[in-house]
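Results of the structural survey
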Amino acid sequence: MKFTKLQKILIPIFVVLLAIVLGFDTAILRAFKINPYQIDVSYQKLSSKKIPKSMDQMSIVYITDLEAGQFSTPEELDRLFEKIRELDPDIFLFGGDLFWSDAQISEETRRQMVDQLSSIKAPLGKFAVYGEQDLVSEERRRLVDSIYEESQVEVLVNSSVTIANQDRSPIRLAGLTTEPVFESAVQSFSNEQFNLVLSHYPDNLLNPSLAMAPVSYAIAGNSHGTQISWPIKGGYREWKGSLDLNRDKQKNLNFPYWISSGVGCIDFHARLNSPVEIVYYMLNAS
């Protein structure tokens, strides 16, 4: 069969367009059917001369935005926490939003969450900050507090703690709420220590009080990496607390930071270019 000159031009264009359409359809299918169930572990190294030798090779596992109660099933939660237990962290951090804001939480559900969090050993401590969905009502906050208390998770409310391994040379961890009081959170930071900031809202990291404090590293969540992030266009929507700093809008700060895409889904059960993410940090006393 002989092709006309026009056909010779159009056929390659048609093939390319068909490949783009098929690729897009496959990506959308994966976004709904595969990505929400596939757990990625992001391995990071935190190196600093301020990390004491006794904390060298200690590990931190960080997750955020669980949003249990809208889409997550007990089986999905089992897989998530089984993966965390496999990682065997020395320190466990949770960045807020334990349950979806409208979740109806039975005593059985509450008990299951206590069991899951209790199953994480983390001998150097388990710590959390509130997300906005933990604070939708006073009743919800009390319920979240009861779960944390029974599972030995310490909530940091614009405050900080020291974390040490066997000796008196610690690192310091500060936790910011959704209505942060920066001065009280970082007032105990020292230039001689490694200072880690945990915040639910990424926008908190832009505050001048942190720019002037000796922050060594910061981590945040909240926006789920927007859950759907289109090529070129970026995130499909903006979230309060992540309007100025998020996975799409990165800025140069006085300290390094990481914004996690979280582990849960909200509004719809789909993820595109925004993996279900556990962050694993290894401390390196360099």
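This is a predicted model, so every value here is computed, not measured.

About the thresholds
- Residues numbered from 1 in each chain as written.
- Predicted model: local features only at pLDDT ≥ 70, side-chain atom pairs only at ≥ 80, totals over all residues.
- Heavy atoms only, no water.
- Helix = DSSP H or I, 4+ residues; strand = E, 2+ residues; numbered from the N terminus.
- Buried < 20%, exposed > 50% of the residue type's maximum accessible area, 1.4 Å probe, protein only.
- Contact = heavy atoms within 4.5 Å.
- Areas by Shrake-Rupley, 256 points an atom, 1.4 Å probe, with all protein chains shown as cover.
- pLDDT = per-residue confidence, 0-100.
- Phe/Tyr/Trp six-rings, centres within 6.5 Å; stacked < 30°, edge-to-face > 60°.
- Expected span 1.5 Å × (residues − 1).
- Arc of directions from axis to C-beta.
- Pairing = 2+ DSSP bridges.

1. Looking at the overall build of the chain
Scanning the chain for helices and strands turns up six helices and 13 strands. Per-residue burial for the chain yields a buried fraction of 51% across its 286 residues. Taking all contacts inside the chain whose residues are at least 6 apart in sequence as the whole, residues at least 24 apart take part in 71%. Accessible surface, the chain: about 14100 Å² in total, of which carbon and sulfur atoms supply 55%.

2. Focus on the confidence of the model for the chain
Confidence in the prediction for the chain averages 87 pLDDT; 81% of positions are at 70 or higher. Counted against residues more than four places away or in other chains, residues 21-25, with its pLDDT under 50, gives one contact.

3. Digging into the packing of aromatic side chains
One pass over the structure, following the stated rule, counts two aromatic pairs. Arranged with centres 5.4 Å apart and planes meeting at 80°, the rings of Tyr-217 and Tyr-281 form a pair that is edge-to-face. In this pair, Tyr-217 sits in strand β9 (residues 217-220) while Tyr-281 sits in strand β13 (residues 276-284), placing the two residues 64 residues apart along the sequence. Of the two residues examined, Tyr-217 and Tyr-281, each falls in the buried class.

4. Some details on unusual backbone geometry
We note that Gln-57 has phi near 70°; this positive angle belongs to a residue other than glycine. Along the chain, the position of Gln-57 falls in the loop between β1 (39-47) and β2 (59-63). For Gln-57, a relative accessible area of 44% translates into the label partly exposed. For Asp-97, which is not glycine, the phi dihedral falls at a positive 65°. Residue placement: Asp-97 occurs in the loop between β3 (91-94) and α3 (107-118).

5. A look at the side chain of Gln-193
Along the chain, the position of Gln-193 falls in the loop between α5 (182-186) and β8 (195-199). Excluding anything up to four places from it in sequence, Gln-193 contacts Lys-50, Pro-170, Arg-172, Ser-188 and Ser-216.

6. Considerations on helix α2 (residues 74-87)
With 14 residues, α2 ought to run about 20 Å at 1.5 Å a step, and its terminal C-alpha atoms sit 20 Å apart, in line with that. Looking at α2, one finds that the buried residues are Glu-76, Leu-77, Leu-80, Phe-81, Ile-84 and Leu-87. Buried residues in α2, looked at end-on, bunch into an arc of 120°, giving them a common side. Exposed side chains of α2 directed beyond 90 degrees from the buried face belong to Glu-75 and Glu-86. In this structure, the buried side of α2 is in contact with β1, β2, β3, α3 and β13.

7. So, the sheet that holds strand β5 (residues 154-155)
Strand order in the open sheet formed by six strands is β1-β13-β2-β3-β4-β5, and the pairing between neighbours is mixed. Every interior strand has two partners, whereas the edge strands, β1 and β5, have only one. Where strand β4 (residues 126-128) and β5 come together, two bridges link them in parallel fashion. Across the sheet, the residue bridging to Phe-127 is Glu-154, located in β5.

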